[in-house]
Amino acid sequence: MLQGFPPVIRLDTTILMLGSFPGEASLGAGQYYAHPRNQFWRLLGAVLGEPALHELDYGARLERVLMHGIGVWDVLAACHREGSLDSAIRNAKPNDFKSLREYAPKLKKVCFNGKTAGRFADVIGAAEYETLVLPSSSPAYAMLSFEQKLSCWRKILS
């Protein structure tokens, strides 16, 4: 059973970015979105007006997004999976979303990075959070260009 990461969140977090589960590169590095071709940090940096976000070391990257009131987590706490594809996830165990109000009392909006994570939008929405399902930043999702994805991702701050 693979274990995910704890949330990167603060009491003043207003927006939470939820992925599905860390890929092999991320698990190996112990970092969210560590695969060099994953566009998460570039997309988020463009949205935040921080185009060099992806060039910062990981700790500085996390601090910078937290300063913008944005947290990072995954919908799954643990699962079995061969490789990094969401379609290979088995025996998934979701994270404890009931704790969100305790850790982020100012949270208003939850954004899902891709359709797999987006399957939880109804559950999160029922807890009275605004939800937004975004095109995946994964290199496996190549149907949209970076610019097309960014156009959707800009809605994070609206």
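Residues numbered from 1 in each chain as written. Predicted model: local features only at pLDDT ≥ 70, side-chain atom pairs only at ≥ 80, totals over all residues. Heavy atoms only, no water.

- Going by the annotation in an unreviewed UniProt entry, the name recorded for the protein chain is DNA-deoxyinosine glycosylase, with Mycetohabitans rhizoxinica given as the source organism.

1. Some words on the overall build of the protein chain
Then comes step 1: When you go through the protein chain residue by residue, the secondary structure sums to 7 helices and 7 strands.
Then comes step 2: Counting helices and strands in the order they occur from the N terminus, the protein chain gives β-β-α-α-α-β-β-β-α-β-α-α-β-α.
Then comes step 3: Rg of the C-alpha trace for the protein chain: 14 Å, near the compact-globule value of 15 Å for 158 residues, within the 12% margin.
Then comes step 4: Its C-alpha atoms put the protein chain at 35 × 35 × 30 Å along the principal axes.
Then comes step 5: Taken across its 158 residues, the protein chain has 47% of its residues classed as buried.
Then comes step 6: Just so you have it, the protein chain exposes about 8,200 Å², and 53% of that area is on carbon and sulfur atoms. (Helix = DSSP H or I, 4+ residues; strand = E, 2+ residues; numbered from the N terminus. Rg over C-alpha atoms; globule rule 2.2 N^0.38 Å. Buried < 20%, exposed > 50% of the residue type's maximum accessible area, 1.4 Å probe, protein only. Areas by Shrake-Rupley, 256 points an atom, 1.4 Å probe, with all protein chains shown as cover.)

2. Examining the layout of surface pockets
Then comes step 1: In this structure, the largest pocket occupies an estimated 760 Å³ of space.
Then comes step 2: In terms of lining, the largest pocket is formed by 32 residues, of which the most central are Ser20, Asp86, Ser136, Ser138 and Ala140.
Then comes step 3: For the lining of the largest pocket, the secondary-structure elements that each account for two or more residues are helix H1 (24-29), helix H5 (115-118) and strand E7 (130-134).
Then comes step 4: The greatest single-element share of the lining of the largest pocket, amounting to 3 residues, is contributed by H1.
Then comes step 5: Considering only residue class, the lining of the largest pocket consists of 13 nonpolar, 14 polar and 5 charged. (1 Å grid on protein atoms, 1.4 Å probe; cavity = no way out; pocket = protein on both sides within 12 Å on 5 of 7 lines; lining within 4 Å. Points joined across faces, edges and corners; volume = space filled by probe spheres on them. Nonpolar A, V, L, I, M, F, W, Y, C, P; charged D, E, K, R; others polar.)

3. A few points about the UniProt feature "domain: Uracil-DNA glycosylase-like" (unreviewed entry) in the protein chain
Then comes step 1: The UniProt feature table records "domain: Uracil-DNA glycosylase-like" (unreviewed entry) at residues 6-157.
Then comes step 2: Between the end C-alpha atoms of residues 6-157 there is a gap of 24 Å, over a span that is 31% helix and 20% strand. (UniProt positions renumbered as here; feature names shortened; annotations may be inferred.)

4. Describing the sheet that holds strand E1 (residues 2-3)
Then comes step 1: Read from one edge to the other, the open sheet built from 3 strands follows the order E1-E4-E5, with strand pairing classed as antiparallel. The sheet is open, and its two borders are formed by E1 and strand E5 (90-94), each paired with just one other strand.
Then comes step 2: Of the pairings in the sheet, the one linking strand E4 (residues 76-80) to E5 comprises 3 bridges and is antiparallel in character. Opposite His80, over in E5, you have Arg90 as the bridge partner. (Pairing = 2+ DSSP bridges.)

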